[in-house]
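The lines below spell out each chain.
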Amino acid sequence: MREVEQLHAGGTFFEGLRWHDGLWWASDFYADGGKVIALDPLGNLVREISLEQPSGLGWLPDGDLLAVSMTQHKIFRVGTDGEPREYADLSEFSRGEANDMTVDTEGRAWVGSFGYDLYAGEQAKGAVLMRVDPDGTVSAAAEDLHFPNSVLIPADGKTLLVAETIAARVAAFDLAADGTLSNRRVYAQIAPSPALEEIDAEYTKVGFGPDGCTLDAEGCLWCGDSLGRRCARIAPGGKILEEIPSPKEGHMTVAAALGGPDGRTMLMAVAPDWRLGMGSGEPLASLWTARVDVPHSSGRP
């Protein structure tokens, strides 16, 4: 059992965890209408950026921050003055709410959406993975993904991974230099994938819900299970190698990120079960850390 320590508390729902320029970054969905925060390695708050229900975070080659606004179905760019400005409109392809994102070394943003109105109880549907080019053009990079969530790009830049939360799997694509995706396949099948029409409102047929994930140097993924109460290290293929139970009773570990000076600190986002209601604004979410053996991959995010 790994030792876990609380780094930060008092959030409403943390997601989009990242390690960047010596700081931990996270999106807090509902705090004061939504904000992106940055913490030093000791958990001290060093920066806040107001943005309506933020989620995925990434950085352009020039250092500017990109942040997804879930409910606005837009990406905002934050430059040196700290003010968010609209960067791309995702509404042509984004359904339900826009979601997680990564930015590759060419400055392309890769973004998913729920694909359906999750909180209204709409039946699950396939969704588009969107690519946003550096000029702001938005296109459909892949279709019929089952709740595309974390997007990860291994260090060689030739593969793109997407966590499909309600399919209990991580998909892989070949990533061409021009941003074209091909050769779709399964990178990790963690549990059986139910048919979309069989998914109920409580997601009882989804055995593992890979949500916020992070890639290590051995090609394994640490994934928060947003339908369970654990964070797990998952091998290529889908075998669960290790589990860290949620450090708070009754709470879920919804996201994980590797970082720290040596890449061996894992940050975990812990929150009450989202199926019990979202958007209350109650400050019950928290961030926790654990030390792991294999460091972060040098890929994205």
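Report on the accompanying structure. (Residues numbered from 1 in each chain as written. Predicted model: local features only at pLDDT ≥ 70, side-chain atom pairs only at ≥ 80, totals over all residues. Heavy atoms only, no water.)

Right, let's talk about the pattern of salt bridges for a bit. Taken as a whole, this structure holds 20 salt bridges when the rule is applied. Among the ionic pairs, aspartate 133 bridges to arginine 131, the shortest N-O distance being 2.9 Å. Look at aspartate 133 and you get buried, because its relative accessible area is 17%. Given the relative accessible area of 14%, arginine 131 is considered buried. A salt bridge links aspartate 225 to arginine 230; the shortest N-O distance between them is 2.9 Å. Overall, the relative accessible area of 1% leaves aspartate 225 in the buried class. Looking at arginine 230, the relative accessible area reads 19%, which means it is buried. A cluster of three or more residues bridged by salt bridges with shared partners is formed by Arg2, Glu242 and Asp293. (Salt bridge = Lys/Arg side-chain N within 4 Å of Asp/Glu carboxyl O. Buried < 20%, exposed > 50% of the residue type's maximum accessible area, 1.4 Å probe, protein only.)

Quick look at the side chain of threonine 12 now. Among the secondary structure elements, threonine 12 is positioned in the loop between strand E1 (4–11) and strand E2 (14–20). Within polar-contact distance, the side chain of threonine 12 engages the side chain of aspartate 28 at 2.5 Å. (Helix = DSSP H or I, 4+ residues; strand = E, 2+ residues; numbered from the N terminus. Polar contact = N/O pair within 3.5 Å; in protein donor to acceptor, adjacent residues only side chain to side chain.)

For the rest of this paragraph, the subject is the pairing of strand E5 (residues 45–50). With five bridges joining them, strand E4 (residues 35–39) and E5 adopt antiparallel strand pairing. Paired with lysine 35 across the strands is serine 50, a residue of E5. The antiparallel pairing of E4 with E5 creates a hairpin that spans five residues between the two strands, and glycine 43 there sits at a positive phi of about 95°. (Pairing = 2+ DSSP bridges.)

This part covers the sheet that holds strand E3 (residues 23–28). Pairing is antiparallel in the open sheet, where four strands are placed in the order E2-E3-E4-E5. A strand with exactly one partner marks an edge of an open sheet, and here the two such strands are E2 and E5. This sheet shows a mean twist of 20° between the axes of neighbouring strands, independent of strand direction. By the bridge criterion, five bridges tie E2 to E3 in an arrangement that is antiparallel. In the strand pairing of E3, tryptophan 19 is matched with tryptophan 24. (Axes fitted to C-alpha atoms, helices over the stretch in contact; angles between N-to-C directions.)

This next bit is on the nonpolar core. By size, the foremost hydrophobic cluster in this structure holds 34 residues, and its most contacted members are Leu17, Ile166, Tyr203 and Leu287. Within the residue set of this core, elements represented by two or more residues are E2, E3, E4, strand E22 (251–259), strand E23 (265–272) and strand E24 (285–291). Element by element, the count of residues in this core is highest for E22, at four residues. (Core = buried A, V, L, I, M, F, W, Y, C linked by side-chain atoms within 4.5 Å.)

Taken in spatial order, the four strands of this open sheet run E18-E19-E20-E21, and their pairing is antiparallel. Only two strands of the sheet have a single partner each, and these edge strands are strand E18 (210–215) and strand E21 (240–245). Taking each pair of neighbouring strands and ignoring which way they run, the sheet shows an average axis angle of 20°. Here strand E19 (residues 221–225) pairs with strand E20 (residues 230–234) via five bridges, running antiparallel. Counterpart to aspartate 225 in the pairing with E20 is arginine 230.

If you walk through the whole model with that rule in mind, you get one disulfide. The disulfide that involves cysteine 213 links it to cysteine 223, with 2.4 Å between the sulfurs. For the disulfide bridge between cysteine 213 and cysteine 223, the dihedral angle about the S-S bond is near 115°, and by the sign convention the bridge is right-handed. Of this pair, cysteine 213 sits in strand E18 while cysteine 223 sits in strand E19, and the two are 10 residues apart along the sequence. Its relative accessible area of 6% is what places cysteine 213 among the buried residues. What makes cysteine 223 buried here is its relative accessible area of 0%. (Disulfide = S-S within 2.5 Å.)

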